[in-house]
Amino acid sequence: MTETATPAAARRLRVDLAARSYDILIGPDLIDAAGAEIAARRPGARLAIVADETVAGLHLPRLEAALAKANLPATAIRVAPGEGSKSFAVFERVVEALIEARIERGDLVVALGGGVIGDLAGFAASVVRRGVDFVQVPTTLLSQVDSSVGGKTGINSAHGKNLIGAFHQPVLVLADTAALDTLPAREFRAGYAEVAKYGLIDDAAFFSALESNWREVFSGGPARLDAIETSCRAKAAIVGRDERESGERALLNLGHTFGHALEKATGFSGRLLHGEAVALGMAQAFRFSARLSLCAPSVAQRVEDHLAEVGLPTRLNQIEGGVGPVDGLMEAIAQDKKVARGALTFILARGVGGAFIAKDVAPEAVRAFLATEVAEAEAAPA
């Protein structure tokens, strides 16, 4: 195998969006194959690679070498790692750098990194010269199974997470599973929350398999590849049916309404990673569902037990520094993207694999639930 040959073991999925359909490739060493895959679609294109400093140090030389072998000239744009880069200031810098690099229509932006980079680079691509295409090269578990697929791009607002952005589909996703071996353990665990999410939404058998085999997913090998493929296949199918989240795609936000509020309460900082917030938010969504008698308390406990077993947070007292008063959480929830004319929408569950879209959820019920959660956190040791 040459550096630019696509590995035979790579698995290929299709996101079916008519003229904007694209492939997801999943497997080891796909960064080395990026040149061949991109050149097959855009021979002679000029590229700009957006990466954070940490990812650039780990993977940028390999990507640049693969692109050079395919005669694809590329400019690298580096940003600081972390959620803080999903800001107006960094977005402006990336946009200006893309223009300076003479990225034109017909050229490509390449997002090399995790969810932050994919969201930031994709949004920048969506507005430069009124839109240029981009490629996702996700290097974290979370981005490989979730944020790199589906075309959601954006940055954060002072009012909440991902409130500024656009739907802008990539033309290719290259999920190099070997890149996951460079992830810190905490980052991998955070990404696992999004894997578990697909089982909790509508695939009880997948969640049961994860309960039994999560250690193999963490250690790598076929179980990890299978879990990533199952997750991507589930998301690709939903996106193909509901690209702009007018219906069932909202199910993919299981845990995110609570989770985004918690991220805002912690200042989008390293105190709470996005995947950790999703895990905690999913545990809360099931506890809230049980409180509303939608599912049995034992179901909520089962979900919490699995997330806790893999090392993810499930209770507010596990967040360093706390999350502040209920009023702040409710304010963030009121700004959630699923809110319609002031009515609160949550993804709740009737059981494992039984998630549904609950519209017009009473704010007072949410407030009472959060008040209980906060009070328990304040009473419990960290």
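Each chain has its residues counted from 1, running along the sequence as written. Residues qualify for local features only when their pLDDT is at least 70, as the model is predicted, and side-chain atom pairs are given and counted only at 80 or more; totals for whole chains, interfaces and linings, by contrast, use all residues. Side-chain metrics rest on all non-hydrogen atoms present in the structure, leaving aside hydrogens and water.

**Describing the packing of aromatic side chains**
Here a ring pair, both rings aromatic, is described through the centre-centre distance and the interplanar angle of the planes.
Turning to step 1, where the next piece is worked out: Two rings belonging to Phe, Tyr or Trp (six-membered ring only in the last case) form a pair when the distance between their centres is within 6.5 Å. Interplanar angles under 30 degrees mark stacking, angles over 60 mark edge-to-face geometry, and anything in between is tilted. This structure, assessed with the given rule, holds 9 aromatic pairs.
Turning to step 2, where the next piece is worked out: Here Phe288 and Phe346 contribute two aromatic rings whose centre-to-centre distance is 6.0 Å and whose plane-to-plane angle is 65 degrees, an arrangement assigned as edge-to-face. You can see Phe288 sitting in helix α10 (residues 274-291) and its partner Phe346 sitting in strand β10 (residues 344-349), a full 58 residues away along the chain.
Turning to step 3, where the next piece is worked out: Judged by relative accessible area, Phe346 falls into the buried class, the value being 2%. By the criteria applied, helices consist of DSSP H or I runs no shorter than four residues and strands consist of E runs no shorter than two, each listed in order from the N terminus. A simple rule labels every residue: compare its accessible area, found with a 1.4 Å probe on the protein chains alone, to the largest value its type can have, and call it buried under 20%, exposed over 50%, or partly exposed in between.

**Digging into the side chain of Lys235**
Turning to step 1, where the next piece is worked out: In this fold, Lys235 is placed in helix α8 (residues 222-241).
Turning to step 2, where the next piece is worked out: Whenever a nitrogen or oxygen atom comes within 3.5 Å of another N or O atom, the pair is scored as a polar contact, on the condition that within protein one atom can donate a hydrogen and the other can accept it, and that pairs from neighbouring residues in sequence are kept only if both atoms are in side chains. Of the polar contacts made by the side chain of Lys235, one reaches the backbone oxygen of Val149; its length is 2.9 Å.

**Some words on the pattern of salt bridges**
Turning to step 1, where the next piece is worked out: Whenever Lys or Arg places a side-chain nitrogen within 4 Å of a carboxyl oxygen from Asp or Glu, that contact is recorded as a salt bridge. Enumeration according to the criterion identifies 32 salt bridges in this entry.
Turning to step 2, where the next piece is worked out: Of the charged contacts, one joins Arg42 and Asp133 as a salt bridge, the two residues approaching to 2.4 Å between their closest N and O atoms. On the criterion of sequence distance, the pair formed by Arg42 in the loop between α1 (34-41) and β3 (47-52) and Asp133 in strand β6 (residues 133-138) is long-range, its members being 91 residues apart.
Turning to step 3, where the next piece is worked out: Taking the relative accessible area as the measure of exposure, Arg42 reaches 23% and is therefore partly exposed.
Turning to step 4, where the next piece is worked out: On the basis of relative accessibility, which here comes to 24%, the residue Asp133 falls in the partly exposed class.
Turning to step 5, where the next piece is worked out: The partner of Arg224 in a salt bridge is Asp181, and the shortest N-O contact between them spans 3.3 Å. Here Arg224 is found in helix α8, whereas its partner Asp181 is found in the loop between β9 (172-176) and α6 (185-202), with 43 residues between them in sequence.
Turning to step 6, where the next piece is worked out: Take Arg224: its relative accessible area is 7%, and that puts it in the buried class.
Turning to step 7, where the next piece is worked out: Residue class for Asp181 comes out exposed when judged on its relative accessible area of 60%.

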